[in-house]
Amino acid sequence: SMLCLAAWAQTPGERMGTGSIEGRVLLSSGQPAAGMEIHVYSEATVPPVKTGSGGTFRFDRLTAGRYGLTLHPMSGYRARDAGIVLRDGEKVSGIELRALQAASVSGHVRDAKGRPAAGLMVSAIRLHGGGSRHPPDRGMAGPTNDLGEFNHAGVTPGIYTLLVETRRLAVKTR
């Protein structure tokens, strides 16, 4: 016979909670998204989990606080992040994340003489058109490489405005 044990590593002084968050991830077709990695951002350190065959996930032993759930950025999918305020011992269920196929924005930045512009920050900003209720979303940002190229993978499909900041950043050459 075989015995399996699960253990949680804990830093000194870190408190284990009794709260939990559970839900599911669905593709835009409504089908469950199995094997999708869900990340939590909060003040506490919470390891990511993968969804089961029904697209379900569960985070246990959570302390009271604010939690955000998001899909792994390199999954090829994006979802509107879920924000949750968890009270001590509370068990939140029914959270649903819709996984949308991600897109990419890429290109080259050149200076006035047509030379590659390395080390410039390029931001992809999504405008929602809703005034102050829906401010612009700075979806992705990153520097151009030594060839002036940029690539923002994993963005939500939509219309973006590109902003190039002219303050140069340090760039490693190939």
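The notes below deal with the structure included here. Bear in mind the structure is a predicted one, so any value in this text is a computation, not a measurement.

**Remarks on the sheet that holds strand β3 (residues 49–50)**
Part 1: One open sheet holds the four strands; their spatial order is β3-β2-β5-β7, and the pairing between them is antiparallel. Strands with a single pairing partner mark the edges of an open sheet, and in this sheet they are β3 and β7 (82–86).
Part 2: Pairing between strand β2 (residues 37–41) and strand β5 (residues 65–71): four bridges, direction antiparallel. Paired with V40 across the strands is L69, a residue of β5.

**Considerations on the nonpolar core**
Across soluble globular proteins, nonpolar side chains have a tendency to be buried as a group.
Part 1: Among the nonpolar cores identified, the biggest contains 21 residues, and I21, V25, I38 and L69 are the most heavily contacted of them.
Part 2: Broken down by secondary-structure element, the contributors of at least two residues to this core are β1 (19–27), β2, β4 (56–62), β5, β7 and β8 (91–101).
Part 3: Counting residues per element, this core draws most heavily on β8, which supplies four residues.
Part 4: In this structure, V25 is in contact with Q31, P32, A33, M36, I38, T51, G55, F57, L71, L97 and A99, ignoring residues within four places of it in sequence.
Part 5: Formed by ten residues, the second largest nonpolar core is a distinct cluster that contains V109, V122, A124 and M140.

**Observations regarding the sheet that holds β8**
In a beta sheet, neighbouring strands pair by backbone hydrogen bonds and run either parallel or antiparallel.
Part 1: Spatially, the four strands line up as an open sheet ordered β4-β1-β8-β6, and their pairing is mixed. Since the sheet does not close on itself, it has two edges, and those belong to β4 and β6 (77–78), each with one partner.
Part 2: Relative to β8, β1 runs parallel, the two sharing seven bridges. Considered in β8, the bridge of L27 is made with A99.

**A look at the environment of P116**
Part 1: Structurally, P116 is set in the loop between β9 (103–108) and β10 (121–126).
Part 2: Its relative accessible area of 40% is what places P116 among the partly exposed residues.
Part 3: Spatially, the C-alpha atom of P116 lies 5.3 Å from that of L147, the residues being 31 residues apart in sequence.
Part 4: When residues no more than four places from it in sequence are discounted, the contact partners of P116 are V109, R110, D146, L147 and G148.

**Here we look at the pairing of β1**
Part 1: The pairing of β1 with β4 spans five bridges and is classified as antiparallel. Bridge pairing links G19 to L62 in β4.

**Thoughts on unusual backbone geometry**
Part 1: Notably, R61 is not glycine yet its phi reads approximately 60 degrees, a positive angle.
Part 2: Locating R61 in the fold gives a position in strand β4.
Part 3: With a relative accessible area of 42%, R61 lands in the partly exposed category.

Parameters and conventions
- Residues numbered from 1 in each chain as written.
- Predicted model: local features only at pLDDT ≥ 70, side-chain atom pairs only at ≥ 80, totals over all residues.
- Heavy atoms only, no water.
- Pairing = 2+ DSSP bridges.
- Helix = DSSP H or I, 4+ residues; strand = E, 2+ residues; numbered from the N terminus.
- Core = buried A, V, L, I, M, F, W, Y, C linked by side-chain atoms within 4.5 Å.
- Buried < 20%, exposed > 50% of the residue type's maximum accessible area, 1.4 Å probe, protein only.
- Contact = heavy atoms within 4.5 Å.

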